[in-house]
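Notes for the structure review
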Amino acid sequence: MASLKTPTLKNPSLSLSSKSRLLSAFSATFPNNIRFSRSLPQRRFLIITASAASFSNKPAVLVAEKLGEAGLTLLKQFATVDCSYNLSPEELCTKISLCDALIVRSGTKVNREVFESSGGRLKVVGRAGVGIDNVDLAAATEHGCLVVNAPTANTVAAAEHGIALLAAMARNVAQADASVKAGKWQRNKYVGVSLVGKTLVVLGFGKVGSEVARRAKGLGMHVIAHDPYAPADRARAIGVELVSFEEAIATADFISLHMPLTPATSKMLNDETFAKMKKGVRIVNVARGGVIDEEALVRALDAGIVAQAALDVFTEEPPKPDSKLVQHERVTVTPHLGASTMEAQEGVAIEIAEAVVGALNGELAATAVNAPMVPAEVLTELKPYVELAEKLGRLAVQLVAGGSGVKTVKVSYASSRAPDDLDTRLLRAMITKGIIEPISSVFVNLVNADYTAKQRGLRITEERILVDGSPESPLESIQVQIANVESKFASATSETGEIKVEGRVKDGIPHLTKVGSFEVDVSLEGNIILCRQVDQPGMIGTVGSILGEENVNVSFMSVGRIAPRKQAVMAIGVDDQPSKESLKRIGEVPAIEEFVFLKL
């Protein structure tokens with residue numbers, strides 16, 4: 001039998017194939033027109049082929065979901081690009097060990113198994129869009145992989161879709177279209193309402209919310225907004241007044257939602273808030289589905305409190321076909337199309353491509369959403385102070401009442417170390433994280449903290465105070481002050497009018513040690529209730545009994561006072577969130593002048 005000489009591949013290299021089809025045979029053509037083939041049973045194959053670029057120095061980028069051509073062109077100038085769509089989890093894990101970067105949208109789950117399968121090669125994950133719910137950030141950080149997103153390119157598209165839904169809802173466009181196509185002609189049934197002269201409330205005055213406001217004013221609407229952390233001067237610049245949440249929902253003819261989904265905004269529109277709205281209000285949501293209690297919205301629609309709703313987002317996507325909300329006659333729905341314009345898709349593609357290329361080049365990405373790797377010895381030393389810094393930021397921002405927004409923050413570090421021996425960038429980043437993340441969808445870390453603060457008009461200044469102490473401890477205390485704002489808890493303001501909280505680390509645990517002018521001592525674990533009271537016997541027992549009746553465990557309790565029998569501040573650490581009824585009972589205790597519940 002004549003032997004078959006194995007052909008040699010010229011310019012060999014490695015690239016990743018796209019997802020394979022179901023094949024009945026495998027064939028390959030080699031140089032000199034030698035062809036080899038054999039039959040294969042019908043089954044699914046993932047084939048890794050040889051091609052010319054793989055042995056070059058170019059990084060390999062796997063694009064796992066459709067990306068605009070402009071972004072692909074940019075990537076191909078820098079890297080070897082493999083576009084493989086609709087990969088199964090197993091196929092993704094197989095391919096990922098040959099990739100330096102991965103780009104996905106919302107449909108691909110980038111979980112811990114993906115990072116483990118990469119064998120340490122994967123350096124960057126790019127999310128073409130804003131949300132990163134489908135990426136395991138903790139696993140990414142543990143494996144030294146940076147995660148970047150594209151948060152700005154779809155702003156105008158989302159705003160335009162909000163206005164489109166607003167107008168379509170007001171004039172019953174979707175319902176009338178379906179009626180005519182069903183052979184009906186019901187002009188009287190689909191009489192709409194005018195937009196001109198009506199009050200539109202924008203809840204969430206960020207990039208998209210402000211763009212919606214601009215366009216609504218062009219339609220002749222009166223626009224007000226609620227966002228306790230938006231700068232008032234930015235709102236005034238486009239003729240919008242910032243008001244309290246209660247005033248906003250009570251006066252609105254139309255409400256447009258543009259807040260992120262956070263613990264504070266989850267089901268923000270519920271039975272209680274619907275009951276406070278003007279009868280006949282109309283609601284548009286192009287933000288996040290979870291900000292509305294969907295069952296409560298159905299009840300409000302049936303009761304006539306809400307006249308109509310137009311929804312682009314849902315708690316569960318896609319929603320169930322038999323969803324009462326989706327099927328409701330007075331609800332207009334679209335399948336999460338906020339960013340779905342050709343221009344926005346190209347913009348997102350370019351933004352994420354630039355971020356990925358920059359990250360692969362070792363540049364700091366302003367859109368990074370996970371914390372960078374920190375040397376183990378530095379992290380070990382700073383860990384309790386990092387936690388303290390973030391929690392002080394969270395406490396301070398929760399003490400801010402609605403109004404002009406947070407603009408000026410001062411951070412004071414008391415330390416016995418020389419300034420050159422104390423790098424505060426990570427601490428400043430964590431304070432920024434604590435202030436911004438509770439009221440935003442932005443993820444803050446050392447890479448993007450200063451950029452994020454600047455984008456939001458937040459000015460953070462730092463002061464270092466040299467004190468006597470052991471140089472072995474990097475810090476004695478951290479103090480956070482927020483100026484030019486009103487406080488929900490008047491006792492948290494200092495003599496000069498700033499909200500002021502201070503803390504220190506004791507036995508490795510962050511503690512709150514000062515609120516306004518009052519000295520306290522409470523562990524920053526769980527949640528905190530702050531009460532200003534008349535200093536008299538029995539107060540600790542009274543409040544403790546109210547919490548105990550609801551089985552809320554008290555972890556710490558501390559009282560700071562001006563003088564005996566005068567005013568005092570009681571700080572109570574609780575493991576769980578008390579019910580509204582329990583908090584109300586605490587507020588009704590005669591000797592308690594004010595109180596606030598703070599989530600950590």
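Note: the structure precedes this text.
Scoring rules and cut-offs
- Residues numbered from 1 in each chain as written.
- Predicted model: local features only at pLDDT ≥ 70, side-chain atom pairs only at ≥ 80, totals over all residues.
- Heavy atoms only, no water.
- Axes fitted to C-alpha atoms, helices over the stretch in contact; angles between N-to-C directions.
- Helix = DSSP H or I, 4+ residues; strand = E, 2+ residues; numbered from the N terminus.
- Parallel < 35°, antiparallel > 145°, perpendicular 65-115°, else oblique.
- Left-handed = near helix turned anticlockwise from the far one by under 90°.
- Contact = heavy atoms within 4.5 Å.
- Nonpolar A, V, L, I, M, F, W, Y, C, P; charged D, E, K, R; others polar.
- Pairing = 2+ DSSP bridges.
- Buried < 20%, exposed > 50% of the residue type's maximum accessible area, 1.4 Å probe, protein only.
- Right-handed = clockwise from strand over helix to strand, strands pointing away.
- Lys, Arg positive; Asp, Glu negative; His and termini not counted.
- Salt bridge = Lys/Arg side-chain N within 4 Å of Asp/Glu carboxyl O.
- Core = buried A, V, L, I, M, F, W, Y, C linked by side-chain atoms within 4.5 Å.

As a further point, take the packing of helix α17 (residues 539–549) against helix α18 (residues 580–587). Packing of α17 against α18 leaves a shortest axis separation of 10 Å and a crossing angle of 165°. Relative to α18, α17 is oriented roughly antiparallel. Between α17 and α18 lies a crossing of right-handed hand. Here V543, I546, L547 and E549 of α17 come into contact with α18, specifically with S582, R585 and I586. Broken down by class, the residue content of the contact of α17 with α18 amounts to four nonpolar, one polar and two charged.

A word on the sheet that holds strand β15 (residues 306–311). Either a parallel or an antiparallel arrangement is found when strands of a sheet pair, and the pairing is made through backbone hydrogen bonds. Spatial strand order, β12-β11-β10-β13-β14-β15-β16: seven strands in an open sheet with parallel pairing. The sheet terminates laterally at β12 (241–242) and β16 (331–333), the two strands that pair on one side only. Summarising the sheet, strand β11 (residues 222–226) and β12 pair through two bridges and their orientation is parallel. Considered in β12, the bridge of I224 is made with E241.

Where helix α5 (residues 155–170) contacts helix α7 (residues 207–218), the two axes come as close as 8 Å, and the packing angle between them is 50°. Classified by the interaxial angle, the pair formed by α5 and α7 is oblique. Between α5 and α7 the crossing geometry is right-handed. Here T155, V156, A158, A159, E160 and I163 of α5 lie close against α7, whose contacting residues are K207, V208, E211, V212, R215 and A216.

Another aspect to go through is the pairing of strand β8 (residues 124–127). Here β8 shows no split at all, with V124 and G126 on one side and V125 and R127 on the other all buried. Relative to β8, strand β7 (residues 101–104) runs parallel, the two being bridged by four bridges. When the sheet's bridge partners are listed, A101 is paired in β8 with V124. Read from β7 through helix α3 (residues 112–117) to β8, the crossover connection turns out right-handed. The sheet contact formed by β8 and strand β9 (residues 146–149) spans four bridges and is parallel. Within β9, the position partnered with V124 by the bridge is L146.

This part covers the side chain of D293. Its location among the elements puts D293 in the loop between β14 (281–285) and α11 (294–303). The buried charged residue D293 lacks any salt bridge partner; its closest oppositely charged side chain belongs to K267, at an N-O distance of 4.6 Å.

The next subject is unusual backbone geometry. Note that the residue after E317, namely P318, is joined by a cis bond; omega there is -5°. For P318, the location among the structural elements is in the loop between β15 and α12 (324–327).

Applying the stated rule across the entire model yields 25 salt bridges. The partner of D100 in a salt bridge is K123, and the shortest N-O contact between them spans 2.9 Å. Of this pair, D100 sits in the loop between α2 (89–96) and β7 while K123 sits in the loop between α3 and β8; the two residues are 23 residues apart in sequence, bridging distant segments of the chain. Residue D100 is classed as buried on the basis of its relative accessible area, which comes to 8%. Exposure remark for K123: the relative accessible area of 42% places this residue in the partly exposed category. The partner of E437 in a salt bridge is K433, with the nearest N and O atoms 3.0 Å apart. For K433, a relative accessible area of 17% puts it in the buried group.

Formed by 51 residues in total, the largest nonpolar core has its most connected members in L399, V406, V409, I478, L512 and L530. Sorting elements by how many residues they give to this core places helix α14 (residues 376–398) first, with nine residues. Setting aside anything within four residues of it in sequence, one finds V406 in contact with Y229, V397, V400, I435, G457, L458, I482 and V485. Within the second largest apolar cluster, 30 residues are counted, among which are V201, M277, V306 and A309.

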